[in-house]
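Each chain, letter by letter, is given below.
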Amino acid sequence: MIIMASSSQKFQLLSNLFSCITIFFLILSTLASATLKVGFYESSCPDAEAIIKNAVNQAVSQNPGIAAGLIRMHFHDCFVRGCDGSVLLKSTPNNPAERDNIANFPSLRGFEVIDEAKAKIEDICPNTVSCADILAFAARDSAYRVGGINYVVPAGRRDGRVSIMEEAGSLPGPSFNAEQLTRSFAERGLSSAEMVTLSGAHSIGVAHCPTFSNRLYSFNTTHPQDPSMDPSYVAYLKTKCPPPSGNNNGEEPTVALEFFSPNRLDNWYYIELKNHRGLLSSDQTLLSSSSTSKMVLNNAKYGYQWAANFGKAMVKMGSIDVLTGSQGEIRRHCSFVN
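By the naming in an unreviewed UniProt entry, the chain goes by Peroxidase and is assigned to Citrullus colocynthis. What the UniProt record of the chain gives under Catalytic activity (unreviewed entry) is the line "2 a phenolic donor + H2O2 = 2 a phenolic radical donor + 2 H2O". Per its UniProt entry, the chain bears the Function (unreviewed entry) comment "Removal of H(2)O(2), oxidation of toxic reductants, biosynthesis and degradation of lignin, suberization, auxin catabolism, response to environmental stresses such as wounding, pathogen attack and oxidative stress. These functions might be dependent on each isozyme/isoform in each plant tissue."

Some remarks on the overall build of the chain
Within the chain, the regular secondary structure consists of 13 helices and 2 strands. Burial analysis of the chain (338 residues in total) assigns 45% to the buried set. Across the chain, every contact between residues at least 6 apart in sequence was considered, and the portion connecting residues at least 24 apart equals 75%. Element-wise, carbon and sulfur atoms account for 57% of the exposed surface of the chain, whose accessible area totals about 17,100 Å².

With respect to empty space enclosed by the protein
Going through the model one piece at a time under the given rule, you end up with 2 cavities of 30 Å³ or more. Taken as a whole, the largest cavity holds about 40 Å³ of empty space. What lines the largest cavity is simply H74, A136, Y151, V153, R157, M314, V315 and G318. For the lining of the largest cavity, a count of residues per class yields 5 nonpolar, 2 polar and 1 charged. In terms of lining, the second largest cavity is formed by L257, E258, Y269, E272, L273, R277, G278, L279 and D283. Here the lining of the second largest cavity takes 3 residues from helix α10 (residues 268-274), the largest share from any one element. Broken down by class, the residue content of the lining of the second largest cavity amounts to 4 nonpolar, 1 polar and 4 charged.

Here's the deal with the packing of aromatic side chains
Tallying each qualifying case throughout the model produces 11 aromatic pairs. Pairing Y270 with W306 gives two aromatic rings, centres 6.0 Å apart and planes at 65°, and the pair type is edge-to-face. Placement of Y270 in helix α10 and of W306 in helix α13 (residues 303-317) is noted, with a sequence separation of 36 residues between them. Take Y270: its relative accessible area is 0%, and that puts it in the buried class. Exposure remark for W306: the relative accessible area of 1% places this residue in the buried category.

Side note on the nonpolar core
Of all hydrophobic cores here, the largest spans 70 residues; its most connected members are L88, I121, L265, F310 and M317. The greatest single-element share of this core, amounting to 9 residues, is contributed by helix α5 (residues 131-147). Here L265 is in contact with I71, A143, V146, G147, I149, G200, A201, S203, I204, W306 and F310, once residues within four sequence places are set aside. Among the nonpolar cores identified, the runner-up in size contains 13 residues, and A207, C209, L257 and L279 belong to it.

About the cut-offs
Residues numbered from 1 in each chain as written. Predicted model: local features only at pLDDT ≥ 70, side-chain atom pairs only at ≥ 80, totals over all residues. Heavy atoms only, no water. UniProt positions renumbered as here; feature names shortened; annotations may be inferred. Helix = DSSP H or I, 4+ residues; strand = E, 2+ residues; numbered from the N terminus. Buried < 20%, exposed > 50% of the residue type's maximum accessible area, 1.4 Å probe, protein only. Contact = heavy atoms within 4.5 Å. Areas by Shrake-Rupley, 256 points an atom, 1.4 Å probe, with all protein chains shown as cover. 1 Å grid on protein atoms, 1.4 Å probe; cavity = no way out; pocket = protein on both sides within 12 Å on 5 of 7 lines; lining within 4 Å. Points joined across faces, edges and corners; volume = space filled by probe spheres on them. Nonpolar A, V, L, I, M, F, W, Y, C, P; charged D, E, K, R; others polar. Phe/Tyr/Trp six-rings, centres within 6.5 Å; stacked < 30°, edge-to-face > 60°. Core = buried A, V, L, I, M, F, W, Y, C linked by side-chain atoms within 4.5 Å.

In structure tokens, the structure reads:
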């Protein structure tokens, strides 16, 4: 027996089908808005990437350390609230911001480069290019300028409106061991291999003496200095970092994170780990830990492969918890909200 649907039943079926189709396209729209895109500003602000690249190149020509600062800044931005430019916001009387946390100040450098690029872009493309995207492009341009590492940067990030100083305390610290580092990166969706690859950014930049001076003078009750460090390297570091005291007048000397080629982003970071010249505990632990040592050795041996993986890992890191579509805002000035 064939049962014919009534007109009211047909209407209900069509109504349900239409609702399903509507929900389907709403889901697609949401997914599309949450996807970053290469060439995002091709039509809306075609000169944006060139302006950022010029600002980075000029700054790095005057001070090579700016490249390390910008790469580090992008990392610190993405690891707190996602890649939303929150690290760029200045503190207000009622709200201390991320950039003033001890994990960021005074180690982060390059804010003025982002501000300069933003000002020039606003002159020709107002309210179009986010500060979060500018920082992502600047990190890429820094990697190319000092390491010849090039990769495409998907864009479309929006800027966050919140920056809280205490939240920067969740950043991986200089005394972290391999297990803690792996866990910290995993919480942001990054693998242990990507963690080891991104740690190679420590082939450039500097560290302040207090972040590692315990390895030179007060490692433990048995060893005043870390026995895993090359003794000649320890002797060199002691000439740069005197024993901690209360008479430093607020000054904190710095030492290059990687001794051999401190201004070149390359795989010498891993070679120096093999030589027991990892400056921070969080560096040397990558070789001493069985879970990451093989990765270190491979990166030390295959520099070109490490460079390619570095670009891929930077792209993945740059997509952490991004704001897209109508979320957040496009700041007119990177250091404060609209």
